[in-house]
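# Coordinates in review
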Amino acid sequence: MIPGVPLVEIGRETLEPLPTTGLAHDHFRVPGTGRLLRVPKQSQMALAARDNLLYQAACFARASASGHAPRLHGLVAPSPEWPMGALLVDEIPGRPPILPDDLPAIAMAIGRIHGLPLPPAEARAPLHDQADPVAATLEEVRRQAIHLEAAELHPAARAAIEHELEAAATFAAGGRPPVTLISFDAHPGNFLIRSDGAAVLVDLEKGRYGCPGFDLAHASLYTSTTWDVATYAELSPDEVAAFYAGWLAAVPAPLAAAARPWLMSTRRLMWLWSVTWCAKWRVQSARARRAETTTTGSTEDWSAELSAAELIAHVRGRVDHYLDPDTITRIRTEWQSRNPLTDLLA
């Protein structure tokens with residue numbers, strides 16, 4: 001399916017299931033190999049099963065060149081036993097990040113991924129290649145925002161989100177930021193910290209060639225640092241600013257200079273992406289689970305039936321909190337008032 005990446009056959013009876021912590025994947029340890037089987041339950045990219053597998057394979061293959069993502073060792077083709085297929089990747093021995101202590105390691109890991117050489121345009125497929133990443137991401141946000149009405153938000157929450165959508169349209173028209181390989185899912189719960197202190201990004205599904213500011217935002221926004229129980233933290237403005245400063249020092253100077261003017265606006269847009277996703281999830285999680293996985297159509301499926309009840313209860317609690325008008329007001333103060341981050345990025 002991918003040159004140099006073997007197809008493998010693995011039966012479930014040989015595997016050790018690991019606790020499920022995410023909505024999109026299950027993981028199984030392959031005993032004695034130092035490897036994991038990463039098994040999609042759906043595609044967050046709304047791809048068909050085979051396309052989703054190839055997309056994720058490209059994410060791992062490219063990001064692992066940084067030394068801060070697991071290596072890809074093989075693929076399991078979609079089959080009745082594995083309807084979405086699976087990826088065979090390194091199992092990373094490590095612990096969840098402790099914030100804010102491990103923020104410098106996360107900034108370095110993200111910076112190493114962003115600093116990878118940019119392939120020529122014709123070599124970037126199958127990953128999304130966003131020549132205008134702010135406009136393209138705003139379009140994703142607008143597609144998610146169609147669920148705002150059905151999500152039954154408090155009027156104050158709806159008004160604040162609508163105001164931010166208008167603001168995003170303004171800065172999306174203001175030029176184009178630099179493009180690098182990005183994760184677009186760099187929240188702290190997707191990292192492990194190795195014994196040597198290095199951070200490894202272990203969940204790679206939505207990678208693309210886009211604006212690095214989205215990863216910085218996703219790693220440090222309140223909606224990210226309080227998402228996962230294992231990495232829960234409420235960062236101070238000083239801690240967020242120090243994280244951004246660490247990234248600016250970690251990447252090549254030309255990239256830092258070109259990206260810096262976009263870091264606050266992409267932070268706002270990443271928050272908009274997250275909060276409109278919450279509205280989308282609130283609506284779509286109430287729908288029935290898809291009857292079967294098709295080989296050609298989208299496999300995106302946010303049905304609550306797809307995951308354990310405890311996980312769904314946790315996600316619902318987070319979604320309700322992030323859509324609360326008081327939470328929205330709190331987050332928006334980051335760019336509505338002067339603080340260490342606005343001073344750093346001014």
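Relevant structure appears above.
Residues numbered from 1 in each chain as written. Predicted model: local features only at pLDDT ≥ 70, side-chain atom pairs only at ≥ 80, totals over all residues. Heavy atoms only, no water.

## With respect to the environment of Ala 257
- Structurally, Ala 257 can be placed in helix H8 (residues 253-259).
- Residue classification places Ala 257 among the exposed positions, given a relative accessible area of 54%.
- C-alpha separation for the pair Ala 257 and Pro 178, spaced 79 residues apart in sequence, amounts to 9.7 Å. (Helix = DSSP H or I, 4+ residues; strand = E, 2+ residues; numbered from the N terminus. Buried < 20%, exposed > 50% of the residue type's maximum accessible area, 1.4 Å probe, protein only.)

## So, the pattern of salt bridges
- Under the definition given, this model contains 19 salt bridges.
- The residue Asp 203 makes a salt bridge to Arg 38 at a minimum N-O spacing of 2.7 Å. Of this pair, Asp 203 sits in the loop between strand E9 (199-201) and strand E10 (208-210) while Arg 38 sits in strand E3 (residues 35-40), and the two are 165 residues apart along the sequence.
- By relative accessible area, which is 17% here, Asp 203 ends up buried.
- Taking the shortest distance from any N to any O, the salt bridge between Arg 338 and Asp 343 comes out at 2.7 Å.
- Given a relative accessible area of 73%, Arg 338 falls into the exposed group.
- Take Asp 343: its relative accessible area is 41%, and that puts it in the partly exposed class.
- Connected through shared salt-bridge partners, Glu 16, Arg 29 and Glu 91 make up one network. (Salt bridge = Lys/Arg side-chain N within 4 Å of Asp/Glu carboxyl O.)

## Points about the nonpolar core
- Grouped together as the largest cluster of nonpolar side chains are 98 residues, with contacts concentrated most on Ile 161, Phe 243, Tyr 244, Trp 247, Leu 269, Trp 271 and Leu 272.
- In terms of residue count, helix H9 (residues 263-284) provides more of this core than any other element does, 13 residues in total.
- Apart from the residues lying within four places of it in its own chain, the contact partners of Trp 271 are Ile 161, Glu 164, Leu 221, Thr 223, Ile 328, Ile 331, Arg 332 and Trp 335.
- With 10 residues, the next largest nonpolar core counts Phe 28, Val 30, Leu 37 and Ala 86 among its residues. (Core = buried A, V, L, I, M, F, W, Y, C linked by side-chain atoms within 4.5 Å. Contact = heavy atoms within 4.5 Å.)

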